[in-house]
Amino acid sequence: MDFLTQIINGLSTGGMYALVAIGYTMVYGIAKMINFAHGEIIMVGAYIAYLVTSVLGMPMIVSVLISIAGCALLGVVTEKIAYKPLRNSSSLAVLITAIGVSYLLQNLFLILFGSAARTFPAYMPSGSLSIFGAQITYVSLLSLCLTGICTGLLLLFINKTKLGKAMRAVSEDKGAAELMGINVNTTISMTFAIGSGLGAIAGIIYGMSYSLINPYLGAMLGIKAFIAAVLGGIGSVPGAMVGGLIIGVAEAFTISYISSAFSDAVVFGILIFILLVKPAGLFGKNVREKV
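Residues numbered from 1 in each chain as written. Predicted model: local features only at pLDDT ≥ 70, side-chain atom pairs only at ≥ 80, totals over all residues. Heavy atoms only, no water.

Participant: So what's going on with a nonpolar patch on the surface? Which residues, and what values?
Facilitator: A surface patch of nonpolar side chains, amounting to about 480 Å² of accessible area, comprises Leu-92, Leu-95, Ile-96, Ile-99 and Tyr-103. As for its position among the elements, Ile-99 is in helix H4 (residues 91-113). Here Ile-99 falls in the partly exposed class, since its relative accessible area comes to 36%. (Patch = residues over 30% accessible without salt bridge, like charges linked within 9 Å, V, L, I, M, F, W, Y side chains within 5 Å. Areas by Shrake-Rupley, 256 points an atom, 1.4 Å probe, with all protein chains shown as cover. Salt bridge = Lys/Arg side-chain N within 4 Å of Asp/Glu carboxyl O. Helix = DSSP H or I, 4+ residues; strand = E, 2+ residues; numbered from the N terminus. Buried < 20%, exposed > 50% of the residue type's maximum accessible area, 1.4 Å probe, protein only.)

Participant: I'd like a rundown of the layout of surface pockets, residues and numbers included.
Facilitator: Taken as a whole, the second largest pocket encloses approximately 660 Å³ of empty space. Residue lining of the second largest pocket: 37 residues in total, with Thr-13, Met-16, Tyr-206, Ser-209 and Tyr-210 positioned closest to the centre. Of all elements in the fold, only helix H1 (2-31), helix H5 (138-160), helix H8 (184-210), helix H9 (217-232) and helix H10 (237-257) reach the threshold of two or more residues within the lining of the second largest pocket. Among the elements that take part in the lining of the second largest pocket, H1 stands out by supplying 7 residues, more than any other. Looking at the lining of the second largest pocket, its residues break down into 20 nonpolar, 15 polar and 2 charged. (1 Å grid on protein atoms, 1.4 Å probe; cavity = no way out; pocket = protein on both sides within 12 Å on 5 of 7 lines; lining within 4 Å. Points joined across faces, edges and corners; volume = space filled by probe spheres on them. Nonpolar A, V, L, I, M, F, W, Y, C, P; charged D, E, K, R; others polar.)

Participant: Explain unusual backbone geometry to me, using residue names and the numbers behind them.
Facilitator: Although it is not a glycine, Ser-211 sits at a positive phi angle of roughly 70 degrees. For Ser-211, the position within the fold is in the loop between H8 and strand S4 (212-213). Using a relative accessible area of 37% as the deciding quantity, one classes Ser-211 as partly exposed.

Participant: Requested: an account of the side chain of Ser-102, with residues and values cited.
Facilitator: Looking at the element boundaries, Ser-102 is found in helix H4. On the basis of relative accessible area, Ser-102 is assigned to the buried category, the value being 11%. Among residues more than four places away in sequence, those in contact with Ser-102 are Phe-36, Ala-37 and Glu-40. (Contact = heavy atoms within 4.5 Å.)

Participant: Tell me what's going on with the pairing of strand S2 (residues 128-131), and back it up with residues and numbers.
Facilitator: When S2 meets strand S3 (residues 134-137), the two strands line up antiparallel, connected through 4 bridges. Each bridged residue has a counterpart across the sheet, and for Ser-130 the counterpart in S3 is Gln-135. (Pairing = 2+ DSSP bridges.)

Participant: So, the packing of helix H2 (residues 38-55) against H9: which residues are in play, and what are the values?
Facilitator: In the contact formed by H2 and H9, the axes pass within 7 Å of each other and the chain directions differ by 130 degrees. The orientation of H2 relative to H9 falls into the category oblique. By crossing handedness, the relation of H2 to H9 is classed as right-handed. Across the interface between the two elements, Gly-39, Glu-40, Ile-42, Met-43 and Ala-46 of H2 pack against Leu-217, Gly-218, Ala-219, Leu-221 and Gly-222 of H9. Tallied by class, residues from the contact of H2 with H9 come to 6 nonpolar, 3 polar and 1 charged. (Axes fitted to C-alpha atoms, helices over the stretch in contact; angles between N-to-C directions. Parallel < 35°, antiparallel > 145°, perpendicular 65-115°, else oblique. Left-handed = near helix turned anticlockwise from the far one by under 90°.)

Participant: Mind laying out the packing of aromatic side chains, listing which residues take part and the relevant values?
Facilitator: A full pass over the atoms with the stated rule returns 11 aromatic pairs. Taking 5.4 Å as the distance between ring centres and 85 degrees as the angle between the ring planes, the aromatic pair formed by Phe-120 and Tyr-123 counts as edge-to-face. Put simply, the rings of Tyr-47, Tyr-50, Phe-109 and Phe-113 touch in pairs and so form one group of aromatic residues. (Phe/Tyr/Trp six-rings, centres within 6.5 Å; stacked < 30°, edge-to-face > 60°.)

Right under this line is the structure:
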């Protein structure tokens, strides 16, 4: 039963990685850039939920909604101020800017809240359920359910709605989409809002899973989620979900059967392996460009 328990734990952690990886892959698919500040958006989402519940005394559902809305707004503002002016610049300039935004948010919260960890509100009871003899906590079950629901709703939005089709069109060819009457700026802003909102959910799951939050929590979480996006095929939403689950399970098995000291090494080893064997990722496709 320990094997099944580790799979469940891995899928739970992987669900959190998947939500963040979807944000990475959406922004890359639409804006063709890697938003390395996305990890700090997760941290902001966790702190907003903490403040609304612990300081203002609001119920869980209100905290979650405010956190999602706050992170979505932060994502849009960040895109407008930091990334939009660089849309026609080199990828290196955008990369450096994204790293700068990441450190700006991290140090801002260090100034506001200090480096000491804060206790996250207990939104879920501490009990667990028995599934085929394996114990799964309520937080793990919630993480799995939220990952599946968010991914399903996002795929329906992208494939069935007018706005979703506009996002796909911009992803294929910004110039042609603009000629067809699609507002490219609005579409890119909406992509940042959705990705940042999913990051807020991941931040809340992190807080419930580990009970403590600090300004550094988004750093390694963001990197592992980026690896998950690359593993699944950056630009593919289903690939990001699958990549996140694989990373989570691999990490759980490493911690349980080898040593927790090697968990990060295994994750980065997976990144190196997939880049050597299938650089486009599991769900990605190599695209030829005419020069």
